[in-house]
Amino acid sequence: MKDRRSKICTWIILLGLANFAVYVALYAYFYGEAVNGRVVKVPDGSERYFLQSGKEVSRAVFIYSGAHSISIWPTVAAIMLAMLTLAKDRIASAVHSTVTRGRTTFTVLAIVIAIITGFMTFVFTHQFVERLRHPVAHCPAAPALDAPQPAEGARPGGQAGS
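Predicted model only: the values in this text are computed from it and were never measured.

Undergrad: Just checking my understanding: could you explain the overall build of the protein chain for this structure?
TA: If you tally the helices and strands in the protein chain, you get four helices and four strands. Traced from its N-terminal end to its C-terminal end, the protein chain shows the element sequence α-β-β-β-α-α-α-β. Taken over 162 residues, the protein chain has a buried fraction of 25%. Residue pairs at least 24 apart in sequence account for 64% of intrachain contacts in the protein chain once pairs closer than 6 positions are excluded.

In structure tokens, the structure reads:
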């Protein structure tokens, strides 16, 4: 039984790390993620999707990016709980306090992991859904979405600040 549990935990850790590696690779490829991005409603009624870096992407990429960003928190929880399970015997033998025994420490740590990652999953999901439900209106007075932004310290007309 213990050997089976170790194999399951090891696979959870490996799959979680693979998910994280794919997330990092796609984050680098797309130059960002969608949870902190924005959806802009343009005057013709269509919507444009931008990652937090400002890069415009398709709706499909935006939704995929948001979903994958949200999935990182449950992945972190799964990896941490699997590692905690593998280390349970060591934790139990290391805790010598009469107030908290190893099993109690393990349970408290598992609850803390679940609460923090559950909360962050909720926050990311809520933020992403709100971005999709309430696109920002394109303001004609604002710079064009495609226009390059001036370099930091640059003045209008191309002259550098002094």
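Undergrad: Any chance you could explain empty space enclosed by the protein here in plain terms?
TA: In this approach, a probe sized like a water molecule rolls over the atoms, and the result shows the empty space that is left. Counting across every chain of the model gives one cavity of 30 Å³ or more. For the largest cavity, the calculated volume is near 70 Å³. If you go around the largest cavity, the residues you meet are Tyr23, Leu26, Tyr27, Phe30, Gly32, Glu33, Tyr64, Ser65, His68 and Ser69. Those elements that provide at least two residues to the lining of the largest cavity are helix H1 (2-30) and helix H2 (59-86). Taken together, the residues that form the lining of the largest cavity break down as five nonpolar, four polar and one charged.

Criteria and cut-off values
- Residues numbered from 1 in each chain as written.
- Predicted model: local features only at pLDDT ≥ 70, side-chain atom pairs only at ≥ 80, totals over all residues.
- Heavy atoms only, no water.
- Helix = DSSP H or I, 4+ residues; strand = E, 2+ residues; numbered from the N terminus.
- Buried < 20%, exposed > 50% of the residue type's maximum accessible area, 1.4 Å probe, protein only.
- Contact = heavy atoms within 4.5 Å.
- 1 Å grid on protein atoms, 1.4 Å probe; cavity = no way out; pocket = protein on both sides within 12 Å on 5 of 7 lines; lining within 4 Å.
- Points joined across faces, edges and corners; volume = space filled by probe spheres on them.
- Nonpolar A, V, L, I, M, F, W, Y, C, P; charged D, E, K, R; others polar.

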